[in-house]
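Here is how the chains run, residue by residue.
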Amino acid sequence: MTNDSPLNSPPKLSRSQQGEIMSDVFFWNLRTTPNAPYSKKIERLLSKSGLDSIVDEGDLVALKVHFGESGNTGYLNPVNLRPLVDFLLKAGTKPFFTDTNTLYVGDRGETVSHALVAARHGYDPNNIGAPVIIADGLKGEHEVTLPYEGKYISEAYVGGSIMESDMLVTLNHVKGHGLAGYGAAIKNIGMGCASKRGKMHIHITTGPKLVAEKCTGCKVCISECAANALKLDINNRITMIGNCTGCGRCFLSCKHDAIVIDWKTDVVEFTNRLIEYNKAILDNFKKPAIHINFLTNISPECDCHGYTDTPICPDLGIMISSDPVAIDQASLDMINDAPPIYPSKLPSGLNSGDEKFRALTPNTPKYYGLDYAEEIGLGSREYTLINI
Ligand code: SF4
Ligand code: SF4
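As the structure is a computational prediction, the values presented were derived from the model and not from experiment.

What follows covers the overall build of the protein. Scanning the protein from terminus to terminus reveals 14 helices and 15 strands. For the protein, whose C-alpha radius of gyration is 21 Å, the value lies close to the compact-globule estimate of 21 Å for 388 residues. Within the span of the protein, comprising 388 residues, buried residues form 47% of the whole. Look at the contacts in the protein between residues 6 or more apart in sequence, and 76% of them connect residues 24 or more apart.

As structure tokens, then:
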């Protein structure tokens, strides 16, 4: 069921027809009835996924979510996640909502502000039955280093509390993304679980970009840098002395915009690093992870933005699968099949069947790296969509 071409290419023999593996993706189209309201439908989806047979009583279950930047309104509404929490509580587990601090300086760049944003956006244990635990410590220092022999990375740096949990459930708002092309399960796992150092690692930068003329010589960043990579030059301006580990702490420490992120990135390598991070993370859990994609409020940009633009197509439904590749491919296919919404950020003239995210970010790799994900064994682009 994959849409194997960006724009309406002739059908070819699918991998499933060639005897390769297909993954199950369970789907609910958001229709409800008096006897089957939202909570019952979600419960049914979760049961279909086999989640209750994976968890054990007492498990600490990490619910990886994006709480949304201040000003954003497109992030997942926690009220809609309550049935999932109830399902997990009923199974005797201890679920918690989690995310990692951002690389850039904003309201989610350290744990105190991040937790406050989450609370303002409704992620309050009194309302949703599970606490918020930011996974990588107060300033991003609580990370776990995972060995991984990939083409692009040999280690992955990941938020400690995520890797210390017994099981990972990813809750993914499907939407556009300026660099990756789209954001869903794979983005939420690879970038979302990475520590600051991990995020910088995925972006391939070797360190921060220094804007010396803005430096006041206060030395705050120098005391933050455990690698002793920074010093002041003879003009009392910040300079790099070459042994940066890419931890990202200095961004947060400089209040004068003299240390910024170097976003200069090869998009293909960025995407493939992101995918290798997925493999490193998921391979290090004893239990299989479950991924839930919400095809609702499908905005053109990431929830890291402090605003949310008009959706580019109608709300479509909710998918659940243990295969992050299959669920992302199924989500992309369904969004492409849907009619475009205008006015929106989409260029004019698109029709049902056209690739909407590609129209917004034409420079992303042909299959958004899902072909590489399949190649390294992260999952299958072939899937069976099972309607509930
Ligand atoms: S924290 Fe900023 S202003 Fe202070 S020394 Fe470092 S770069 Fe310069
Ligand atoms: S990223 Fe980390 S190691 Fe590199 S200069 Fe900044 S604080 Fe130092």
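Inspection of the region around ligand 2 gives 14 residues, with Cys225, Ala227, Cys244, Cys247 and Cys250 positioned closest. Tallied by class, residues from the shell around ligand 2 come to 8 nonpolar, 4 polar and 2 charged.

This paragraph deals with the environment of Phe96. On the secondary structure map, Phe96 appears in strand 3 (residues 94-98). For Phe96, a count of 19 C-beta atoms within 10 Å corresponds to the partly exposed category. Sequence separation of Phe96 and Asp166 is 70 residues, and the distance between their C-alpha atoms is 11 Å. When residues no more than four places from it in sequence are discounted, the contact partners of Phe96 are Leu60, Ala62, Leu63, Ala130, Pro131 and Ile133.

Before going further, it helps to spend a moment on helix 12 (residues 324-337). The terminal C-alpha atoms of helix 12, which comprises 14 residues, lie 20 Å apart, in line with the 20 Å expected from a rise of 1.5 Å per residue. Those residues of helix 12 that sit buried are Pro324, Val325, Ala326, Ile327, Asp328, Gln329, Ala330, Ser331, Leu332, Met334, Ile335 and Asn336.

Turning to the domain arrangement of the protein, a few remarks are in order. Along its sequence, the protein is carved into domain 1 (23-204 + 265-387) and domain 2 (209-260). Relative to domain 2, the C-alpha centre of domain 1 lies at a distance of 33 Å. Listed by partner, the interface residues are 12 residues for domain 1 and 7 residues for domain 2. Across the side of domain 1 that touches domain 2, the residue classes break down as 4 nonpolar, 3 polar and 5 charged.

Most often, soluble globular proteins have nonpolar side chains that are buried together. Core analysis: the biggest nonpolar cluster contains 87 residues, and Val169, Leu295 and Met319 have the highest contact counts within it. Those residues in contact with Val169 that lie beyond four places of it in its chain are Val61, Leu63, Ala289, Ile290 and Ile292.

Let's shift gears to the sheet that holds strand 14 (residues 317-321). Read across the sheet, 7 strands follow the order 3-2-6-13-14-1-15 without closing on themselves; strand pairing throughout is mixed. Each edge of the open sheet is held by one strand with a lone partner, namely strand 3 and strand 15 (383-387). Sheet twist, expressed as the mean angle between neighbouring strand axes with direction ignored, is 20°. Note: strand 1 (residues 23-28) against strand 14, 3 bridges, orientation antiparallel. Across the sheet, Trp28 pairs through a bridge with Ile318, a residue of strand 14. Sitting on the sheet, helix 12 touches strand 1, strand 13 (290-295), strand 14 and strand 15, and the angle it makes with strand 13 is about 10°.

Lining the immediate surroundings of ligand 1 are 13 residues, of which Cys215, Cys218, Cys221, Cys254 and Ala258 lie closest. When grouped by side-chain class, the residues that make up the shell around ligand 1 number 8 nonpolar, 4 polar and 1 charged.

Taken across its 7 residues, strand 6 (residues 167-173) has 7 buried, putting it largely inside the fold. Of the strand pairs in this sheet, strand 2 (residues 60-64) and strand 6 are connected by 4 bridges, and their pairing is parallel. By the bridge assignment for strand 6, Leu63 is matched with Val169.

Trans peptide bonds make up most of the peptide bonds, and negative phi angles are found at most residues other than glycine. Cis geometry is adopted by the peptide bond preceding Pro343, which originates at Tyr342 and carries an omega value of 0°. Topologically, Pro343 is positioned in the loop between helix 12 and helix 13 (356-360). The phi angle at Asn228 is positive, at roughly 50°, despite the residue not being glycine. Residue position: Asn228 is located in the loop between helix 9 (220-224) and strand 10 (230-232). Using a count of 10 C-beta atoms within 10 Å as the deciding quantity, one classes Asn228 as exposed.

Calculation rules
- Residues numbered from 1 in each chain as written.
- Chains lettered and ligands numbered in written order.
- Predicted model: local features only at pLDDT ≥ 70, side-chain atom pairs only at ≥ 80, totals over all residues.
- Helix = DSSP H or I, 4+ residues; strand = E, 2+ residues; numbered from the N terminus.
- Rg over C-alpha atoms; globule rule 2.2 N^0.38 Å.
- Buried ≥ 20, exposed ≤ 12 C-beta atoms within 10 Å, placed from the backbone.
- Contact = placed C-beta atoms within 7 Å.
- Near = placed C-beta within 6 Å.
- Nonpolar A, V, L, I, M, F, W, Y, C, P; charged D, E, K, R; others polar.
- Expected span 1.5 Å × (residues − 1).
- Domains from an automatic or database assignment.
- Core = buried A, V, L, I, M, F, W, Y, C linked by C-beta atoms within 7 Å.
- Pairing = 2+ DSSP bridges.
- Axes fitted to C-alpha atoms, helices over the stretch in contact; angles between N-to-C directions.

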